[in-house]
Each structure stands twice: as structure tokens, then as C-alpha cells.
Amino acid sequence: MTNVRLLILLVALITISECKKLEEVKQTARKFPDGFLFGTATASYQVEGAWNVDGKSESIWDYLTHTNPEAVKDMSNGDIADNSYYQYKRDVEMMRELGLDYYRFSLSWPRILPTSFPDYINPAGIEYYNNLIDEMLKYNIQPMVTLFHWDMPQKLQEMGGWNNPHIVDWYTDFAKVAFEMFGDRVKYWITMNEPYEICHHGYGNVNLAPMLNLTGVAEYLCAKNLLVAHAKAYHLYDKMYRPSQKGKLFITIQSPWFEPENEGETETARDIMQFDLGQFAHPIFSKNGDFPEVMKDKVAAKSKAQGYQRSRLPEFTAEEIEMLRGSSDFFGLNHYSTHLVHRNNGDTVYAQPSNYDDMNVVTYQPSDWVASATDRNKVVPWGFYKLLMWIKEEYDNPPVIITENGYSSLPGLDDIGRVDYYRGYLNAMLDAIEDGVDVRAYTAWSLMDNFEWLQGYTVRFGLYEVDYEDPERKRTPRKSAFVFKEMVRTRSLDNNYEPDTTEMTIDEDK
Ligand code: BGC
């Protein structure tokens, strides 16, 4: 070999090894953008307990778990849950251990308004949330407050819940009380948690309370009323409270990523993205507003063929369309998993009428994808990347807050599966940020194990494990809590970090 060739080879080798090093750095420690925020989330019914204490009235989850205990896998309920009504100081201590910038929790409507209406504001309910908020602010942890995370007052449900158009006023009245009571200190408000899940799983199915199973009709009425209620609360805040309170208000939508099984199924995937995420995002974040065209067309055509006088999908008035357009300061996104899709060619029989029958799509997860403890929640980080890119393209790059993302396991402190999940999903999110998606904050679901709806306490989502045998509901950090803490401390993601899990401490100088 001549000297020149040797030199070229040497330079090539050095370049390859430099590239590798760069790649390793990228793989080991990736910085989050300046100003990026970290939090964790919970919801009132899932953690508070104290279900009938200090004047609180019944929610649909109290009612369901007490009247139909078999509906819950381990026949459990949220009567005590994590006992956070009494343990909130420990909860804040955990937030400090993790070094969080903010904590997302929800308000229990029947704890604040036991009659469902503002004729009586329960002082004990107000005091509980004041204590929690003030304890957090003492340590510079910002409250991010969800107004509605599924625990509808039972009394309102008996009057139709989200299917009664008057819910728009009832909900806005409740929101007004919350803004008045807590808005001096709360700067992040979330109107609704996961409208699709509320309407489809609660009204059009039996997967969540109130388990109405009124497929293809009630789920769409719910969608319309819920969206209008959201917009009304947004404008109330915008006009009456924002000038003095200066906060942000937004909606949180849950969406999986739907991946076409093959190139021929691109349109199928588009249909389900529009029926699922688009049903709630399109009216708020798209240029023209309203339900997605494909959804309006398909439900109208099916309804006609089925002999209905009008589409089962209700229409918004022109005024409602305007009120909804742009009514969210952030795109609040909850994301867990990805599904493959193909057109339903008669292989699956759906109830008629129903949302799935209207879109005519089959979803599934291949058996070789990595599983979690929850059915249909397999670990698919690349789906998170694709979803974020889709939101950027579809809605003109709105600022996004990830309001939930997490992994379910069985009990145990050495939760490697959860550590891997967070690393995979956060890397995917960083890829999306590098590719221009405007993600501002990331919220892990969940701070601690909690009542996982119809799964009861059989599956766990917590960075902290909760001991349900202990009357105090002792909380213990899992491995993932240490990994999360280091990520927040360094503002970077290090795939190789191995924590010392012997002791969890608070960094006072944060
Ligand atoms: C909900 C949470 C739930 C989590 C895990 C989300 O759909 O907002 O309440 O616990 O998923 O299933």
C-alpha cells in the first residue's frame, strides 16, 4: 500500500470513529431544549380516596364501583385509593425528590360542588386543594390543574351527563368556581382529560363509567357537548380571568398512533386518525374547524343507509365552530401506544351503528411487539415520533405539552421495563423536537401507582410504588423514579445511567 493510500485509510478510520463517538454521545446523553419542563400526573378519583368525607358527594366512579363491583377486575374501588386527601404532603415531598417543575392533578367536581352546582361551594373541598397548591408552591412546583378527569357528579349523570346539552352551562359554572378559587395561583389549566375515551369508552362502550354502551349515537352527542363546554370555558377564562390571572388553558387529547399495515392501507390509517384524534383536535386546531370532513361524510352516509332521518353525528352551529377554532393555548397530548390498521373486509363484526362500524377499520398489535401489563399498550417508541410529526403537519405546528405518557407493570421496584419505555419514548420525542415539533413539556403518568379504572390495582403505572396493604399507603421509589430524577436534574437523557437506588433524597438547591 502506498503512503497516500495509507493516509486516506487513516483519515477515513478517524472520521468513522469520530462519527461513532458523536453517535454514542447522542445515544448516551441528549440535552432537552432550554426551558423544557418536566412533571408527573395523577387524577382525583385515582389517588384521593376520602370518597364520602367532609361533604363530598358521589361521582360516577363511586357509583359504578359500589353498585357494580364486578366491573372492576379485582373488585376494588377508589374509596381510599392512595389516600392523597390525607397524604398530600408526602406527595409533594415526592415531587421535590424528583425535582419536578410542575405537577398535574385534577379537581373532583363533587368534592367542590356537592350539589353539582355552585349554589353551595364546599369549604373543605376548597381547603384541600388550597393546601395542596400552597404546599407545592412553597417549593416552586407549579400546579397544572385538570378540571375534568372523568369523575362526573352522579347526579348530573342521572340527568344525562355529557349527553344533556345543558352540561355546557353546568361545566362552565364549575370551571368558573375553580378559576375564582384557585386562579390566582394556577397558571396551567386543562379543561378535559381525553374526550375520546370519555365519549367512546363511557357512552359508546362499557370500558369506562358510565358504561352506557349506546354505540354510534350517544358517543357523538357526548363529543359535541363536551367540545362546546370546553370552548365555553376557554372563552370565559380568556375574557374574565386571563387579563388578571395570566394563565394558559388547554385541552388534553389522548391518541395512539395508527400505522397502515401496508402501503395500501394509508387511507384506512388516515380515516381512523381523523375519527379518533381528529374528532376532537380538528374542531379546535385545524384552520377550518368543525368535525373532520371524512368523519362527517362517513357517518352521514351510514346513517342514511341505516334509515336515520339525519346523521348520527350532530352538527355544530356556525357560531360553535367559530367558538371552538383556536380555543386551546397548547395541544395537550396523552400517548401510550401504537396500532396497525387495515380496512375491515368483513373479518370483524361491529355493533351497528357504532363508531368502529362507521369508519370500518380493524386495529391490532403484532404479538412480537414488546408487551406491557396492559392489553393493547405495547411498547412502540417510533409511533410516538410519527404521531408528533403528524400533529405538526396537520395542525400547523402547535405548541405541544405531553400531559401523559407511561408504562404499566406488575408490582415491584426493579422496573426495568418502565425505564426502557421512558428512554425509548423520550428519545423518540427528542427526535421529533429535532425535526421541528414544538414540544414544551413532558409529563410522566404517573407519580405513583393508583386506581387504574376497570383494571383496579392489578396493573401499576407509578414511578413510586404504593403499598395497598398499608393503611398509610406507603410510597417507595422505583428504579424508574431515580432515572427520571437524574434526567430532570441534568436536563438530559442518558441511556446508560445506572442509579444508586439505596436512598432517595431532596436536592434543596433546586
Ligand atoms: C388516563 C389515566 C389512566 C392512564 C393509564 C389515561 O388514559 O388519563 O387516567 O390511568 O391512561 O391507563
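Residues numbered from 1 in each chain as written. Predicted model: local features only at pLDDT ≥ 70, side-chain atom pairs only at ≥ 80, totals over all residues. Heavy atoms only, no water.

A. Just the overall build of the chain, in detail. Tallying secondary structure elements over the chain gives 18 helices and 15 strands in all. Relative to the compact-globule value of 24 Å for 510 residues, the chain shows a C-alpha radius of gyration of 24 Å, a close match. Burial status across the chain gives 60% buried among its 510 residues. A sequence separation of at least 24 residues applies to 76% of the contacts in the chain between residues at least 6 apart. Accessible surface, the chain as shown: approximately 20700 Å² in total, 53% of it carbon and sulfur. Each charge class in the chain was averaged separately, 51 positive and 76 negative side chains, and the resulting centres sit 4 Å apart. (Helix = DSSP H or I, 4+ residues; strand = E, 2+ residues; numbered from the N terminus. Rg over C-alpha atoms; globule rule 2.2 N^0.38 Å. Buried < 20%, exposed > 50% of the residue type's maximum accessible area, 1.4 Å probe, protein only. Contact = heavy atoms within 4.5 Å. Areas by Shrake-Rupley, 256 points an atom, 1.4 Å probe, with all protein chains shown as cover. Lys, Arg positive; Asp, Glu negative; His and termini not counted. Charge placed at Lys NZ, Arg CZ, Asp CG, Glu CD.)

B. Just the sheet that holds strand β5 (residues 188-193), in detail. The strand order around the closed barrel built from eight strands is β2-β3-β4-β5-β6-β8-β11-β12, with neighbouring strands paired in parallel fashion. Pairwise comparison of adjacent strand axes, ignoring direction, gives a mean angle of 25 degrees for this sheet. The sheet contact formed by strand β8 (residues 331-334) and strand β11 (residues 400-404) spans four bridges and is parallel. Bridging from a neighbouring strand, Asn 334 pairs with Glu 404 of β11. (Pairing = 2+ DSSP bridges. Axes fitted to C-alpha atoms, helices over the stretch in contact; angles between N-to-C directions.)

C. Main features of the site of the ligand. Close to the ligand lie Gln 46, His 149, Trp 150, Asn 193, Glu 194, Tyr 336, Glu 404, Trp 445, Glu 452, Trp 453 and Phe 461, which account for all nearby residues. Measuring from an oxygen atom of the ligand, one finds a side-chain N or O atom of Glu 194 at 2.7 Å. Relative to its unbound accessible surface of 310 Å², the ligand loses 90% to contact with the protein. (Near = heavy atom within 4 Å. Polar contact = N/O pair within 3.5 Å; in protein donor to acceptor, adjacent residues only side chain to side chain.)

D. Quick look at the sheet that holds strand β10 (residues 361-364). Spatial strand order, β7-β9-β10: three strands in an open sheet with mixed pairing. Either end of the sheet is taken by a strand with one partner, and the two such strands are β7 (257-260) and β10. Looking at each pair of strands side by side, their axes are set apart by 40 degrees on average, direction ignored. Direction of pairing for strand β9 (residues 338-343) relative to β10: antiparallel, over a ladder of four bridges. Note on β10: the bridge partner recorded for Val 341 is Thr 363. Strands β7 and β9 of the sheet are contacted by helix α16 (residues 381-394), whose axis makes an angle of about 100 degrees with β7.

E. The arrangement of the packing of helix α9 (residues 195-203) against helix α10 (residues 218-245) in detail. One can describe the packing of α9 onto α10 by two numbers: an axis separation of 8 Å at closest approach and a directional angle of 150 degrees. Between α9 and α10, the angle is such that the two are roughly antiparallel. Crossing angle aside, the handedness with which α9 passes α10 is right-handed. Counting all contacts with α9, which are made through Pro 195, Ile 198, Cys 199, His 200 and Tyr 203, the residues of α10 involved are Ala 218, Glu 219, Cys 222, Ala 223 and Leu 226. (Parallel < 35°, antiparallel > 145°, perpendicular 65-115°, else oblique. Left-handed = near helix turned anticlockwise from the far one by under 90°.)

F. Quick look at the state of the cysteines. Enumeration over the complete set of coordinates arrives at one disulfide. Covalent S-S linkage joins Cys 199 and Cys 222, the inter-sulfur distance amounting to 2.1 Å. On the sign convention where negative is left-handed, the bridge of Cys 199 and Cys 222, at about -70 degrees about the S-S bond, is left-handed. Placement of the pair is Cys 199 in helix α9 and Cys 222 in helix α10, with a sequence separation of 23 residues. Here Cys 199 and Cys 222 have matching classes, each one buried. (Disulfide = S-S within 2.5 Å.)

G. Region of interest: the side chain of Asp 329. With respect to the helices and strands, the residue Asp 329 is situated in the loop between α14 (318-324) and β8. For Asp 329, a relative accessible area of 18% translates into the label buried. A polar contact of 2.7 Å, which involves the side chain of Asp 329, links it to the side chain of Tyr 234. Once residues within four sequence positions are removed from consideration, Asp 329 is found in contact with Tyr 234, Arg 242, Gly 247, Lys 248, Leu 249, Phe 250 and Pro 399.

H. Geometry of helix α13 (residues 293-305). The terminal C-alpha atoms of α13 lie 18 Å apart, and with 13 residues this matches the ideal 18 Å at 1.5 Å per residue to within 8%. Along α13, the positions that sit buried rather than exposed are Val 294, Met 295, Val 299 and Ser 303. One side of α13 holds all its buried residues, which, seen down the axis, span an arc of 150 degrees. Facing away from the buried surface of α13 by more than 90 degrees, the exposed residues are Glu 293, Lys 304 and Ala 305. Of the surrounding elements, those touching the buried residues of α13 are α10, α11 (266-275), α12 (277-285) and α15 (355-359). Two residues or fewer past α13, Gly 307 is found with a positive phi of approximately 95 degrees. (Expected span 1.5 Å × (residues − 1). Arc of directions from axis to C-beta.)

Everything listed is a geometric property; what it means functionally is a separate question.
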